[in-house]
Amino acid sequence: MTDQTVAPQRPAPRRNSAGTSTMAYLIFASRWIQAPLYLGLIIAQVVYVYVFGVELWHLVEHVITDGTHIDSNLIMLSVLGLIDVVMVANLLIMVIIGGYEIFVSRMRLDGHPDEPDWLAHVNANMLKLKLAVAIISISSIHLLKTFIEIGKLSTDGKGLGDTESAILWQVLIHLAFIVSAIALAYIDKMQHSYQMAASHSAEATALNAPADARIPAENH
């Protein structure tokens, strides 16, 4: 008597009716409705490039026209404004590329030398986490600008009370952003752990399945 391994039979896939298939394809094709939204964000990116150029020109013009009376605080505020524009532009890039890749269509950039590293393993949770970190960075820039401005107001002694109230709210909002990012990171970690456990369980089941599927063969 010999043993023969019999592969488990998989149930045949159900075939949808013509009407159901047409409706499913129509719903699936509706994802392309989002494409103009990402094109609009590209236009917003162009606007930010223009804003960056204007701010940079104002900074250079100030240094050239009044080079003997350069205010270091003013220069720092201008540079922080430029960094703020760049941060928002980076945020737009992540939303445009990541959102299009996840919700509209694959870009098929495998092997492209300029493909972002994070695009290879991007998903909805990862995109939300990266956006949260980017928002925290932008909020940090705004807080730093406010700290510099409040330093000038404390020297002048004008409007300090209103500014202290405003900076308190900014700090609270910044802390809320940080807590949200930590919560998103924790949720992503929990989902990753669950997926790893499910993958290990499926591998163990696949390894044990052939031994359970063996049946005695007929004697010849």
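A few points on the structure. (Residues numbered from 1 in each chain as written. Predicted model: local features only at pLDDT ≥ 70, side-chain atom pairs only at ≥ 80, totals over all residues. Heavy atoms only, no water.)

1. Side note on the overall build of the protein
To keep things clear, this is the line we draw: Strands are runs of DSSP state E lasting at least two residues, helices are runs of H or I lasting at least four, and both sets are numbered from the N terminus onward. Computed with a 1.4 Å probe, the accessible areas rest on the Shrake-Rupley method; for each residue, only the protein chains presented here act as cover.
Scanning the protein from terminus to terminus reveals five helices and two strands. Traced from its N-terminal end to its C-terminal end, the protein shows the element sequence β-α-α-α-α-α-β. Carbon and sulfur atoms form 65% of the exposed surface of the protein, whose accessible area is close to 16100 Å².

2. Notes on the packing of aromatic side chains
Basically, it comes down to this: Pairs were defined over the aromatic rings of Phe, Tyr and Trp, the Trp ring being its six-membered one, requiring ring centres within 6.5 Å. Orientation was assigned from the angle between planes: stacked under 30 degrees, edge-to-face over 60, tilted for the rest. The cut-offs for exposure are 20% and 50% of the maximum accessible area for each residue type, with area from a 1.4 Å probe on protein chains only; residues under the lower value are buried, those over the upper are exposed, and the others partly exposed. Note on geometry: a ring has a charge over it if NZ (lysine) or CZ (arginine) is within 6 Å of the ring centre and within 35 degrees of the ring normal.
One pass over the full model with this rule turns up two aromatic pairs. Judged by centre distance (6.3 Å) and plane angle (70 degrees), the rings of tryptophan 32 and tyrosine 100 are edge-to-face. With tryptophan 32 in the loop between helix 1 (18-29) and helix 2 (35-65) and tyrosine 100 in helix 3 (residues 72-103), the pair connects residues that are 68 residues apart, well separated along the chain. Under the relative-accessibility criterion, tryptophan 32 is labelled partly exposed at 40%. For tyrosine 100, a relative accessible area of 21% gives the class partly exposed. Following the ring pairs from residue to residue traces out a cluster consisting of Trp32, Tyr38 and Tyr100. The side chain of arginine 31 reaches across the aromatic face of phenylalanine 28, ending 4.0 Å from its centre.

3. Observations concerning the pattern of salt bridges
Counted only if it meets this: Definition used for salt bridges: Asp or Glu carboxyl oxygen within 4 Å of a side-chain nitrogen of Lys or Arg.
Here the structure, examined in full by the defined rule, presents one salt bridge. Glutamate 101 is the partner of arginine 106 in a salt bridge, and the nearest nitrogen-oxygen pair spans 3.1 Å.

4. Details of the nonpolar core
Using the following cut-off: Put simply, buried Ala, Val, Leu, Ile, Met, Phe, Trp, Tyr and Cys residues joined by side-chain atoms within 4.5 Å make one nonpolar core. Residue contacts are counted whenever heavy atoms from the two residues lie within 4.5 Å of one another.
In terms of nonpolar packing, the biggest core is built from ten residues, these being Val88, Leu91, Met94, Ile97, Leu119, Val122, Leu127, Leu131, Ala134 and Ile138. For this core, the secondary structure elements donating two or more residues are helix 3 and helix 4 (124-156). Setting aside residues up to four positions removed in sequence, leucine 91 forms contacts with Leu131, Ala134, Ile135 and Ile138.

5. Observations concerning the packing of helix 2 against helix 3
Rules: In this description, a line fitted to the C-alpha atoms serves as the axis of each element, helices being fitted only across the stretch in contact, and the angle between N-to-C directions of two axes falls anywhere from 0 to 180 degrees. Throughout this description, any angle smaller than 35 degrees is read as roughly parallel, any larger than 145 degrees as roughly antiparallel, any in the 65 to 115 degree range as roughly perpendicular, and the remainder as oblique. In this scheme, a crossing is called left-handed if the near helix is turned counterclockwise away from the far one by less than a right angle; it is called right-handed if the turn is clockwise.
As a packed pair, helix 2 and helix 3 sit with axes 10 Å apart at the nearest point and diverge in direction by 165 degrees. Judged by the inter-axis angle, helix 2 sits roughly antiparallel to helix 3. Pair helix 2 / helix 3 crosses with left-handed handedness.

6. Things to note about helix 2
Residues spaced three or four apart along an α-helix point in a common direction, a consequence of the helix completing one turn every 3.6 residues. Going by this rule: Here the expected span of a helix is defined as 1.5 Å times the quantity of residues minus one.
Helix length check: helix 2, at 31 residues, gives a terminal C-alpha distance of 45 Å against a target of 45 Å (1.5 Å per residue), a fit within 8%. Buried within helix 2 we find Ala35, Tyr38, Gln45 and Leu59. In this structure, the buried residues of helix 2 make contact with helix 3.

7. Quick look at the environment of valine 63
Tracing the sequence through the fold places valine 63 in helix 2. Along the backbone, valine 63 and isoleucine 75 are twelve residues apart, and their C-alpha atoms lie at a distance of 8.7 Å. With near-sequence residues (within four places) excluded, valine 63 lies in contact with Ile70 and Ile75.

These values are about where atoms sit, not about what they do.
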